[in-house]
Amino acid sequence: MPVRLTRLLTAALISASLSTVVFAATTQSLTWRGDVVTANSVVKGMAKAWQTSGHGHIEMQPFNTASGLDAVASGAADLAGSARPNSGSAVDSGLTFTPVAWDGLVLITNPSNPVNSLTLQQVHDIYFGKITNWKDVGGNDAPMDVFAVASPGDGVEYSLRKLLFGRGSQPVAAPRLYVNTTQLEASVALDPRAFGVTMLSSVAGDPKIKMLRIDGVAPSISSVSSGSYPLFTEIYLVTNPSSPKAANAKEFVDFTQSAKGTAVLRQHSLVPYAEGNALIAMDASRRSRILAAVGAHASAEPTQVASATPVRPAVTPASVAAASRTVVAATPGLKNVSGSVVAAPEPRSLKSVRGDAFTVADATTHGTSFAKVTADAYVSYGKVLAKVSTRASKTTAADKKIDAKKIANTPKAPARTYKVAAGETLYSIARKHGVDVAQIRSWNHLKDNTVRAGQVLHIDAR
């Protein structure tokens, strides 16, 4: 065979091999984990468009912001989703946050609630615990059931609190906590007195959820894009530059700003990030204006939380690891705020996750400051979990024996009972007696949170 022909064949074979390697690299599968809002509004449709464009498969593991960031930092996932920027924490510091879209933070309630609009000041005061009844904002004479996501680092909660209080870690007066916004939205759809926050892209067009106007402006893709709706925020995809798949992950992030990618974003009531130059320009003045309107000011995020190391839930397709978090923060207006969250293992999915919580406060709660607020959130799969202490301390085997002995030697008081009055709910009864909803259900063998007028309930252990 002529030498020239041999060289040509060799070059062709090498070229073909290189092409195969490049193709294999670009079609490499990626794992995404993060908050459910980003999963549904960005990643689900984007992953389909990505794959039909000849790229690899995206495995999705939606749960919450904290689990996604931890997974990308540890190498368990290649991409994460977040509705907040880098917070400066130890986990966030090694990650790259790339804004891909603009969304609206929306305050939501049940469609049967007659309230349609709130001012920024009213929203601030609801979360601060100054407004606790719907009649104070033009609604029915009924207590507000304020919901929040339990994780302090949740993107949605963090971004709203940053706007309203000047820092994303600000504790709020939220009686019920949930593991993510999906669970929160489901509860709002069932409770006519509910109040919480989620994202426009998550509930736009949902007849089971009412989005409240802010200072008369309705949240929509148009009002977010113009900046007339004040509570707009960025949606981020998060990558780890030291990951073996960093280049592939970046390629997916870049795809979100392509023609196909931006079409997906618009279909989900999102504004592509590149089209939000006006929002970038007005962001600083917008934040200052909001803080001035509510009488707050920006402040640094705290560098310390509870002495116990926070553990964020780790999610895999097969299981959800049990986890707990305790946060104690000292802040002007809110003193000794603490909370704990417990997750129980589920064999195959997160479908049946339920989260309940109850906040206990003293008489000053409705004044200018909280003297003490505690919140216990429960995540269960059909079984009521035991209450977890909100104290961030280590318990030794000796301590447990001492505590058990004290309990055994303590005389038992007669079990208290309570007769349900008209209009009361399990949550209002729990609040009145300073116990947890999950405990009342357990003590009375209730299958759900339904109670009826005249029903007699045990409100402590028998």
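In the block above lies the structure referred to throughout.
First, a word on what this report is: a plain description of the structure on this page. The shown structure was predicted, so the numbers you read here are calculated from the model rather than taken from an experiment.

Procedures and definitions
- Residues numbered from 1 in each chain as written.
- Predicted model: local features only at pLDDT ≥ 70, side-chain atom pairs only at ≥ 80, totals over all residues.
- Heavy atoms only, no water.
- Helix = DSSP H or I, 4+ residues; strand = E, 2+ residues; numbered from the N terminus.
- Polar contact = N/O pair within 3.5 Å; in protein donor to acceptor, adjacent residues only side chain to side chain.
- Core = buried A, V, L, I, M, F, W, Y, C linked by side-chain atoms within 4.5 Å.
- Buried < 20%, exposed > 50% of the residue type's maximum accessible area, 1.4 Å probe, protein only.
- 1 Å grid on protein atoms, 1.4 Å probe; cavity = no way out; pocket = protein on both sides within 12 Å on 5 of 7 lines; lining within 4 Å.
- Points joined across faces, edges and corners; volume = space filled by probe spheres on them.
- Nonpolar A, V, L, I, M, F, W, Y, C, P; charged D, E, K, R; others polar.
- Pairing = 2+ DSSP bridges.
- Phe/Tyr/Trp six-rings, centres within 6.5 Å; stacked < 30°, edge-to-face > 60°.
- Salt bridge = Lys/Arg side-chain N within 4 Å of Asp/Glu carboxyl O.
- Expected span 1.5 Å × (residues − 1).
- Bend = angle between axes of the 7 residues up to and from the residue.

The subject of this paragraph is the side chain of T198. Position of T198 relative to the elements: it lies in strand β8 (residues 194–199). For T198, the side chain forms a polar contact with the side chain of E185, separated by 2.6 Å.

All right, on to the nonpolar core then. Counting residues in hydrophobic clusters, the biggest one holds 73 residues, and the most contacted among them are L107, Y127, F195 and L231. For this core, the leading source of residues is helix α2 (residues 36–52), giving 8 residues. By size, the runner-up hydrophobic cluster in this structure holds 13 residues, among which are A430, V435, V437 and V451.

Now for empty space enclosed by the protein. Evaluated as defined, the whole model comprises 2 cavities of 30 Å³ or more. What the second largest cavity holds in volume is close to 40 Å³. Together, D35, V36, V37, F63, N64, T65, D154, V156, N180 and T181 line the second largest cavity. The residue makeup of the lining of the second largest cavity, split by class, is 4 nonpolar, 4 polar and 2 charged.

What you see with strand β3 (residues 79–82) is no split at all: L79 and G81 on one side and A80 and S82 on the other are buried throughout. Looking at chain direction, strand β1 (residues 30–35) and β3 are connected through 3 bridges and run parallel. For W32, the partnering residue across the bridge sits in β3 and is L79. As judged from the 4 bridges shared by β3 and strand β11 (residues 232–239), these two strands associate in the antiparallel manner. Bridge assignment links S82 to a residue of β11, and that residue is Y236.

The next thing to look at is the packing of aromatic side chains. The way to describe two aromatic rings as a pair is by their centre distance and the angle between their planes. Across all of its chains, the model carries 9 aromatic pairs by this definition. A centroid spacing of 5.5 Å and a plane angle of 55° characterise the contact between Y127 and F195, whose relative ring orientation is tilted. With a gap of 68 residues between them, Y127 in helix α4 (residues 120–128) and F195 in strand β8 connect regions that are remote in the sequence. The two residues Y127 and F195 agree in class, both being buried. Members of the aromatic cluster, joined through ring pairs, are W50, F252 and F255.

This brings us to unusual backbone geometry. You will see that D215, though not glycine, has its phi angle at about 50°, which is positive. Here D215 lies in the loop between β10 (213–214) and α8 (221–226). Non-glycine residue H445 carries a positive phi angle of around 55°. Its place among the elements puts H445 in the loop between α14 (437–443) and β18 (456–458). Residue H445 is classed as exposed on the basis of its relative accessible area of 65%.

Tallied over the full model, the rule gives 10 salt bridges. Two residues, D145 and R193, come together in a salt bridge whose shortest N-O distance is 3.7 Å. With D145 in strand β6 (residues 145–149) and R193 in the loop between α6 (181–188) and β8, this pair connects stretches of sequence that are 48 residues apart. The burial state of D145 is the same as that of R193; both residues are buried. For the salt bridge of R286 with D283, the shortest nitrogen-to-oxygen distance reads 2.5 Å.

Once that is clear, we can look at α2. Since the α-helix packs 3.6 residues into each turn, any two residues three or four apart lie on the same face. Under the 1.5 Å per step criterion, the end-to-end length of α2 is 23 Å for 17 residues, consistent within 8% with the ideal 24 Å. Along α2, the sharpest change in direction is near 40° and occurs at V43. Of all 17 residues in α2, 12 are buried, a share of seventy percent or more. Taken as a whole, α2 has its buried residues at V36, V37, T38, A39, S41, V42, V43, G45, M46, A47, A49 and W50.

With that settled, the discussion passes to α6. With 6 of 8 residues buried, α6 lies mostly within the body of the structure. Three or more residues of α6 are buried, namely T181, Q183, L184, E185, S187 and V188. N-cap assignment for α6: the residue whose side-chain oxygen lies 3.2 Å from the backbone N of T182 is N180.

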